[in-house]
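Okay, here's what each chain looks like letter by letter:
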Amino acid sequence: MASARGYLESMDHRFSHYSRESEISRWLSGFHASPDAVADIDFVIRQCLRLRDESDGVFVHKNPVSGSVDTAGYVKGHAIRGAARAMQTRGLTNFIVGVGGDSYCAGWATPDRPWRLAISDPARTHGVAALVEATDMAVATSGRAERGDHIWNGLGNVPGDLASFTVVGPDIAEADAYATIGFAMGEAGIDWVANREGYRSLAIRPDGTLVGDAALVSV
C-alpha cells in the first residue's frame, strides 16, 4: 500500500495541471525535466493522440478555452494502473485501487464473491443507481454531478442526454478515457464503447433511466 501511495503521489507531482511546480507544467514552460519524466509525458500524450484518432476527434488533450495541454482525461487512469501494478509486483492479488471515483478491482472480494462497486445516482447526494460486479476489471465514471461542466468534446458541445457514463473493462486507463469519450458523445457513446473489445458501459439519463450493456446488480 505504501508503494502504491508513493506511486500515486509521484504521478500527481508529474502530471498535475493545477501546480506550476509539477514536472509537466515546468516541461510545458520550457524548463528541464528528467529523462523519466519526459518519457512518461511523451507516452501519455501519444496515448491521448491515439484516443483522439479512435474517437474521430471527440477526445482532446487541450483545453478548448485556453488551448493549453491538459492530459487529465487519460492520466488519472494511467496513475491508477501503475499503483495497481506496484501492489501486484509485491504479491497482492485481491484489492481495489480507487482515485476520484475510478477504480481497478484485482481478484475477488471473498473467495466466492466478486467486488461490487456502487454507481452514484447523479440526482441524489450519496444515492446509488446500480452496483457493478468486477473481477480483475476497471470501473470508471464520467459526468457532471461532481465537478460540473469539465468534459470537452473536440467536435463541439457535449450532448445533454446523459447524466453520467460508466465503463467497465480490463484496463483502467482505457476505461477512464472511454468513459470521458462516451459521456462526450452522449447516447451514441454506448455503441462506440461496445465496439471496443472487452469493454461495456452503463449510462444514466437525467430521468434516472439506466441504459447500456454493463453487467449490473439493480438496487
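Residues numbered from 1 in each chain as written. Predicted model: local features only at pLDDT ≥ 70, side-chain atom pairs only at ≥ 80, totals over all residues. Heavy atoms only, no water.

**Student:** Describe the pattern of salt bridges, listing the residues and the values that go with them.
**Tutor:** According to the stated counting rule, one finds 12 salt bridges in the structure shown. Between Glu-133 and Arg-116 there is a salt bridge; the shortest N-O distance is 2.9 Å. Of this pair, Glu-133 sits in strand E4 (residues 128-134) while Arg-116 sits in strand E3 (residues 115-120); the two residues are 17 residues apart in sequence, bridging distant segments of the chain. Each of Arg-14, Glu-23 and Asp-40 takes part in a single network of salt bridges with overlapping partners. (Salt bridge = Lys/Arg side-chain N within 4 Å of Asp/Glu carboxyl O. Helix = DSSP H or I, 4+ residues; strand = E, 2+ residues; numbered from the N terminus.)

**Student:** Can you explain unusual backbone geometry? Please cite residues and give values.
**Tutor:** Backbone geometry follows two general trends: most residues other than glycine have a negative phi, and most peptide bonds adopt the trans configuration. One non-glycine residue, His-126, lies in the positive phi region at around 65°. Secondary-structure assignment places His-126 in the loop between E3 and E4. Located in the positive-phi region is Asp-136, a residue other than glycine, with phi close to 50°. Along the polypeptide, Asp-136 turns up in the loop between E4 and strand E5 (137-143). With relative accessibility at 40%, the residue Asp-136 sits in the partly exposed group. (Buried < 20%, exposed > 50% of the residue type's maximum accessible area, 1.4 Å probe, protein only.)

**Student:** Give a description of helix H4 (residues 72-88) that names residues and reports values.
**Tutor:** Between the first and last C-alpha of H4 there are 25 Å, a value that for 17 residues agrees with the 24 Å anticipated at 1.5 Å per step. Of all 17 residues making up H4, 12 are buried, and the element is well covered by its neighbours. Within H4 the residues assigned to the buried category are Tyr-74, Val-75, Gly-77, His-78, Ala-79, Ile-80, Arg-81, Gly-82, Ala-83, Ala-84, Ala-86 and Met-87. Contacts made by the buried residues of H4 are with helix H1 (2-15), helix H3 (35-54), strand E1 (95-99), strand E2 (102-106) and helix H5 (172-185). (Expected span 1.5 Å × (residues − 1). Contact = heavy atoms within 4.5 Å.)

Geometry only, nothing functional implied.
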